[in-house]
Amino acid sequence: MSISKDPIFDLEQQIMEAWGVVDDVDMITKHFADSPDWGCHHFSPEATDAMMNKYFAVKELYALKFERLFHTFEAVCKEYHKRGKIDADL
């Protein structure tokens, strides 16, 4: 990881990388649903539904958390750049 001249850009990249956890949860969900070793045919329909619902819930939870985080980041950026402009004008 390289540190840019302006650390706020590094923070944005780190947030975007962390957001990948949503894709990771989706990948593991598909693995359990589609894999011949773990596929749904090994479990009762009720157990399969319960397991898939939990994975979907975790995925949705993290998607919401990252959306909220990114909205906060955007607000911080707005303030950060506004203050930088004020400092530059002084």
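The structure reproduced in this document is the subject of the present report. Every value quoted in this text rests on a predicted model; they were computed, and no experiment measured them. (Residues numbered from 1 in each chain as written. Predicted model: local features only at pLDDT ≥ 70, side-chain atom pairs only at ≥ 80, totals over all residues. Heavy atoms only, no water.)

Residue placement: Asp26 occurs in helix 2 (residues 20-34). Within the structure, the side chain of Asp26 is placed 3.3 Å from the side chain of Lys59, a separation counted as a polar contact. (Helix = DSSP H or I, 4+ residues; strand = E, 2+ residues; numbered from the N terminus. Polar contact = N/O pair within 3.5 Å; in protein donor to acceptor, adjacent residues only side chain to side chain.)

All right, on to helix 3 (residues 45-89) then. For helix 3, built from 45 residues, the straight-helix expectation of 66 Å at 1.5 Å per residue is met to within 8% by its first-to-last C-alpha distance of 65 Å. Regarding helix 3, the residues found buried are Thr48, Met51, Met52, Ala63, Phe66, Phe70, Phe73 and Cys77. As for helix 3, its buried residues are in contact with helix 1 (7-18) and helix 2. (Expected span 1.5 Å × (residues − 1). Buried < 20%, exposed > 50% of the residue type's maximum accessible area, 1.4 Å probe, protein only. Contact = heavy atoms within 4.5 Å.)

Before going further, it helps to examine helix 2. The end-to-end C-alpha separation of helix 2 is 21 Å, in line with the 21 Å expected for 15 residues at 1.5 Å each. Residues of helix 2 that are buried sit in contact with helix 1 and helix 3.

A surface patch of nonpolar side chains, amounting to about 230 Å² of accessible area, comprises Val58, Leu61 and Tyr62. Classification of Leu61 by relative accessible area gives partly exposed; the value is 41%. (Patch = residues over 30% accessible without salt bridge, like charges linked within 9 Å, V, L, I, M, F, W, Y side chains within 5 Å. Areas by Shrake-Rupley, 256 points an atom, 1.4 Å probe, with all protein chains shown as cover. Salt bridge = Lys/Arg side-chain N within 4 Å of Asp/Glu carboxyl O.)

Take the nonpolar core next. Considering soluble globular proteins, one finds that nonpolar side chains tend to be buried as a cluster. If you look at the biggest cluster of nonpolar residues, it comprises 5 residues: Ile8, Ile15, Phe70, Phe73 and Cys77. Among the elements of the structure, helix 1 and helix 3 are those that each provide at least two residues to this core. With 3 residues, helix 3 is the single largest residue contributor to this core. (Core = buried A, V, L, I, M, F, W, Y, C linked by side-chain atoms within 4.5 Å.)

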